[in-house]
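Residue-level structural notes
Residue strings, one per chain:
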Amino acid sequence: MGLKQKTADLKKRMREAVKGGGTKAIEKQKAIGKKTARERILAILDPKSFHEYDMFVKHAGTDFNMDKKFLPGDGVITGTGTISGHPVCIYAQDFTVAGGSLGWAHAKKITKIMDHAMKLKIPIIGINDSGGARIQEGVNALAGYGEIFYRNTQASGVIPQISVILGPCAGGAVYSPALTDFVFVVDGVSKMFITGPEVIKTVLGEEISMEDLGGAKVHSEITGNAHFYAESEEECFYQIKELVSFIPWNNEIKATPYPKKSPKTRKFNIPDIIPADPRQPYDVRHIVKAITDDSEFFEIQELFAANIVIGFGRISGQTVGFVANQPLVLAGVLDVDSSDKAARFIRYCDSFNIPLVTLVDLPGYLPGVDQEHAGVIRHGAKLLYAYSEATVPKITVIMRKAYGGGYIAMCSAHLRADFVCAWPTAEIAVMGPEGAANIIFRNEIKNAENPEEMRKQKVKEYKNKFANPYVAAAYGYVDAVIEPYETRKFIVHALEVSDHKDIIGPKKKHGIPPF
Ligand code: HXC
């Protein structure tokens, strides 16, 4: 065969490979609102930037007549490309080929591209759409998952790992996304569970649909396994591009700086946002937008544990991670889920050189039997651990309430915040005035001629003495009391002077966080 014939042969092989599982299987996927694996990759990457690897890999199964089957690319497409000009490694499981099930060669393709991402120090994006371990390949399929989980763990904190769930992701397969940094789901398309509805029915006699068991909403609102929820695949791809604009490509560099922009102060003006009555709630996201460049805020896990808000914004063009109590939801208390949510985000920012800005307004930890029995001690401790461990610049703004453990946990000076400012409206004390007065003036109130009057008077007394920022400022726990409109200026300066912050902790293999 000459070059011409060999080229024709190559093209024929490529045509066969890109057909995937064939027209019928593709139509079945389209009918339920899914794109093909290649379409998904091309939609995420810059036009014409995708370079496919291992297109001609053959599957390794021999049992159950598998040796007679042709599985194009062994059900997964892998390669490199760019997003906004930055390189990434990517793979997408192809459900049209043996249900995207993971056999030995399929796993080898994934682990090869993961190794590549680690060598090149660039992010890895995995699109999951699979029936799980390929049943016909037995232990080799399980081994494949093990190899992926090991690499997920090694890559954690070194390169960003992004999982996109665009189909079923069942059984042990869910643990790869769970080990990665960000999980994206799409309504009606994504399904994640360890044991499916059939098994649950057989073992427990309970009936539940796949959607109600592990659909996109469930993982965005209830379990917290998903970080981004989208109505369609297009919206999901847009979210991925948005996310990668904020994060650095690996743990040795900072996120790409953007041109500096001012906030839209007419729309988001702090004095207009904060209600005159300190007991009235407000949307803390508006405060974030009053601080960030162009008032942009990219929220993460918006639907889960909404009593704390986390996400990225830019200040003077630099990416920062925001952690903020949300007075609109449960008065912004800390509980099991909000502690988990914030702690994980803090560790992400710390791994990837993203300074942290903490906005504080909370009455403390949520009391109650449910919380105690759900492990609020263990989960709440994660937040203390994450803040104490973080060595990126840490900037804290105490806006209103900062009571008890909540004051300490929300990146106080004692957990080594580098810069702490408080507004004149800040109330920093062991507990709220009502509760405090009831305890420390119990006898005076009980024995008074008019106990209600006495209670009011004692609450006022306590408020005057402690419900302000000046006691903490007198001890130097607060560096500055500032007017709210000066908040951005304070943060800009803090970021400028902490550009070379460098802390080396005690020598140890690793700590033992309260996982
Ligand atoms: C081999 C599989 C497969 C699998 C699907 N297929 N899952 N082949 N191994 N795990 C094949 C089907 O036989 C079918 O082939 C094709 O993919 C499409 O599957 P359908 O069932 O027709 O699709 P659908 O009706 O959409 O149902 C999707 C599904 C279902 C819900 C995912 O396929 C399913 O329940 N699959 C099994 C899920 C599972 O239990 N996996 C093992 C998990 S345990 P044909 O030739 O007919 O088109 C696991 C352990 C990992 O993963 C442990 C790591 C620690």
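Coordinates for the structure precede this section.
Our subject in this report is the structure included herewith. (Residues numbered from 1 in each chain as written. Predicted model: local features only at pLDDT ≥ 70, side-chain atom pairs only at ≥ 80, totals over all residues. Heavy atoms only, no water.)

Focus: the site of the ligand
Among the 18 residues in the neighbourhood of the ligand, the closest are listed as G99, G131, A133, I135 and Q136. Within the backbone of G99, an N or O atom sits 3.0 Å from an oxygen atom of the ligand. Considered on its own, the ligand offers 1,000 Å² of accessible surface; in the complex 52% of this is hidden by protein. Among the elements that line the shell around the ligand, the one with the most residues is helix α5 (residues 139-155), at three residues. (Near = heavy atom within 4 Å. Polar contact = N/O pair within 3.5 Å; in protein donor to acceptor, adjacent residues only side chain to side chain. Areas by Shrake-Rupley, 256 points an atom, 1.4 Å probe, with all protein chains shown as cover. Helix = DSSP H or I, 4+ residues; strand = E, 2+ residues; numbered from the N terminus.)

Focus on the nonpolar core
Among the nonpolar cores identified, the biggest contains 92 residues, and F312, V323 and I398 are the most heavily contacted of them. Ignoring anything within four residues of it in the chain, the contact list for V323 reads I308, V309, I310, A342, F345, I346, L356, V357, T358, L359, Y387 and M410. The next biggest cluster of nonpolar side chains, apart from the first, holds 30 residues, and it includes A290, F322, V397 and L495. (Core = buried A, V, L, I, M, F, W, Y, C linked by side-chain atoms within 4.5 Å. Buried < 20%, exposed > 50% of the residue type's maximum accessible area, 1.4 Å probe, protein only. Contact = heavy atoms within 4.5 Å.)

Quick notes on empty space enclosed by the protein
Counted according to the given criterion, the structure contains five cavities of 30 Å³ or more. There is about 90 Å³ of room inside the largest cavity. In terms of lining, the largest cavity is formed by 14 residues, of which the most central are Q93, L102, N128, Y145 and A173. Of all the secondary structure elements, the ones that give two or more residues to the lining of the largest cavity are β3 (86-93), β4 (124-130), α5 and β5 (161-170). Here the element with the most residues in the lining of the largest cavity is β5; it accounts for three residues. Approximately 60 Å³ is the volume attributed to the second largest cavity. (1 Å grid on protein atoms, 1.4 Å probe; cavity = no way out; pocket = protein on both sides within 12 Å on 5 of 7 lines; lining within 4 Å. Points joined across faces, edges and corners; volume = space filled by probe spheres on them.)

Side note on the state of the cysteines
By definition, a disulfide links the sulfur atoms of two cysteine residues through a covalent bond. Taken as a whole, this structure holds zero disulfides when the rule is applied. Note on C349: no disulfide assigned, nearest cysteine sulfur contributed by C411 at a separation of 11 Å. What makes C349 buried here is its relative accessible area of 0%. (Disulfide = S-S within 2.5 Å.)

Let's talk about the layout of surface pockets
Taken as a whole, the second largest pocket holds about 400 Å³ of empty space. Residue lining of the second largest pocket: 18 residues in total, with Q239, F297, F298, E299 and E302 positioned closest to the centre. Of all elements in the fold, only β8 (228-230), α10 (233-246), α12 (284-291) and β9 (298-300) reach the threshold of two or more residues within the lining of the second largest pocket. Looking at the lining of the second largest pocket, the element that brings in the most residues is α10, giving four residues.

Shape is all these values report; function is a separate question.
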